[in-house]
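These are the residues of each chain, in order.
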Amino acid sequence: MAVPAPFAEVADRVRNWGRWGPDDEIGTLNLIDDDARKRAAATVRSGKSFALGLPLSEAEGIQAGFIKGRVNPIRSMILVNEPLSADPEWVCSSEDVLTLALQCATHWDGLAHVSYGGKIYNGFPASSVTEAGAGRCGIHLLRTVVSRGVLLDVPRALGLPVLEPGYPITPDDLTAATDLAGVEIEAGDIVLVRTGQMAHLAPPARDLIAYTWPSPGLTIETAEWFWAHDVAAVATDTLVFEVFPCQHDDLYLPVHLLHLVEMGMTQGQNWVLDALAADCAGDGQYTFLLDATPLPLTNGLGSPLNPVALK
């Protein structure tokens with residue numbers, strides 16, 4: 001397979017295959033150790049908490065049909081005040097079920113989510129993903145994802161409310177946002193990159209097309225920035241995660257491949273960051289304890305989330 005040079009050169013520099021052994025299946029989340037979690041706990045000062053997940057309902061769903069099979073959440077009732085005993089006035093039960101694509105709202109992408117050249121992270125064969133799910137690198141292996149979170153508010157660092165549609169975020173932009181935050185990224189941190197794109201979901205406008213495309217996002221070059229800083233995971237407030245349309249006509253979703261396949265770095269999309277960003281700007285604290293533990297979906301390729309930031 002011919003791999004375009006701009007991609008291959010970065011891939012060679014950020015590849016983590018074998019870094020944590022030939023059998024490793026969680027990649028950069030290995031960087032979250034006891035010290036990283038203690039550093040996260042030390043950021044809690046005011047006790048303020050922020051839920052970073054989108055609501056899970058069909059009416060509030062963000063999928064507009066661009067991605068095959070990725071359906072919005074559908075919640076259905078299976079019992080409505082159903083008597084559980086011979087006495088209908090005694091205990092009754094109401095229950096519901098949920099159908100959703102695991103990556104339809106706020107979520108983590110698992111490392112087996114994408115492949116190229118017949119490989120997923122750490123050189124495992126793409127054929128390890130079958131109708132039974134992820135035979136390697138399943139989302140259930142991410143047993144706890146709790147570390148120090150760092151918000152990088154790129155538009156605020158550039159003096160903007162929202163990044164322009166299709167804006168390519170560069171390493172310099174990430175550095176500017178780090179300077180604004182007044183922090184140093186440390187090994188095991190989880191970085192949340194705000195673009196302001198969630199403004200397109202705010203009522204009454206709520207424009208799913210504008211939210212989806214064109215979208216600001218991360219570029220190929222930023223992969224080296226995250227690699228150099230030993231970042232454990234990255235999430236953004238966009239649907240695509242990386243800049244879209246993509247940087248190069250002959251490279252479709254290259255940042256997904258660099259992060260998930262080459263680096264083994266879990267990535268998240270559709271995180272709700274605006275309220276957290278406003279609070280960070282208000283008190284100057286851009287670090288927090290972040291609990292972003294996925295559901296233990298055996299052999300899953302991703303997981304819906306309601307991450308919580310605690311300051």
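Residues numbered from 1 in each chain as written. Predicted model: local features only at pLDDT ≥ 70, side-chain atom pairs only at ≥ 80, totals over all residues. Heavy atoms only, no water.

Chemist: Can you help me understand the nonpolar core in this one?
Modeler: The nonpolar side chains of a soluble globular protein tend to be buried, and buried together. Core analysis: the largest hydrophobic core is formed by 67 residues, its most contacted members being Trp 108, Leu 192, Phe 226 and Trp 271. It is helix H7 (residues 254-263) that contributes the most residues to this core, 6 residues altogether. Discounting chain neighbours no more than four positions away, the residues touching Phe 226 are Leu 174, Val 191, Val 193, Leu 218, Val 231, Val 234, His 259, Met 263 and Met 265. Ile 62, Ala 105, Met 198 and Tyr 211 belong to the second largest nonpolar core, which has 13 residues in total. (Core = buried A, V, L, I, M, F, W, Y, C linked by side-chain atoms within 4.5 Å. Buried < 20%, exposed > 50% of the residue type's maximum accessible area, 1.4 Å probe, protein only. Helix = DSSP H or I, 4+ residues; strand = E, 2+ residues; numbered from the N terminus. Contact = heavy atoms within 4.5 Å.)

Chemist: How do you make sense of a nonpolar patch on the surface when you look at a structure like this?
Modeler: On the surface, a nonpolar cluster with roughly 270 Å² of combined accessible area is contributed by Phe 66, Ile 67 and Ile 209. As for its position among the elements, Ile 209 is in helix H5 (residues 208-212). Ile 209 sits in the partly exposed class, given a relative accessible area of 46%. (Patch = residues over 30% accessible without salt bridge, like charges linked within 9 Å, V, L, I, M, F, W, Y side chains within 5 Å. Areas by Shrake-Rupley, 256 points an atom, 1.4 Å probe, with all protein chains shown as cover. Salt bridge = Lys/Arg side-chain N within 4 Å of Asp/Glu carboxyl O.)

Chemist: What exactly am I supposed to notice about H7 here?
Modeler: Every α-helix winds through 3.6 residues per turn, so residues three or four apart in the chain are directed the same way. Counting buried positions over the 10 residues of H7 gives 10, a clear majority of the element. Among the residues of H7, those classed as buried are Pro 254, Val 255, His 256, Leu 257, Leu 258, His 259, Leu 260, Val 261, Glu 262 and Met 263. Looking at the packing, one finds that the buried side of H7 touches helix H1 (5-14), strand S4 (107-109), strand S10 (217-218), helix H6 (222-228) and strand S12 (266-269).

Chemist: So what exactly am I meant to see when it comes to the packing of aromatic side chains here?
Modeler: Both the distance between ring centres and the angle between the ring planes are used here to describe each pair of aromatic rings. Enumeration according to the criterion identifies 4 aromatic pairs in this entry. Aromatic side chains Phe 244 and Tyr 252 sit 6.2 Å apart centroid to centroid with 70 degrees between the ring planes, which places their arrangement in the edge-to-face category. What makes Phe 244 buried here is its relative accessible area of 17%. Over the face of the ring belonging to Trp 17 we find Arg 15, whose NZ or CZ atom lies 5.5 Å from the ring centre. (Phe/Tyr/Trp six-rings, centres within 6.5 Å; stacked < 30°, edge-to-face > 60°. Lys NZ or Arg CZ within 6 Å of the ring centre and 35° of its normal.)

Chemist: Just to check I follow, could you spell out the side chain of Lys 311 for this structure?
Modeler: Within the secondary structure layout, Lys 311 lies in the segment after strand S15 (308-310). At 3.1 Å, the side chain of Lys 311 and the backbone oxygen of Gln 285 are in polar contact. (Polar contact = N/O pair within 3.5 Å; in protein donor to acceptor, adjacent residues only side chain to side chain.)

Fair warning: the whole summary comes from geometry, so function is off the table for now.
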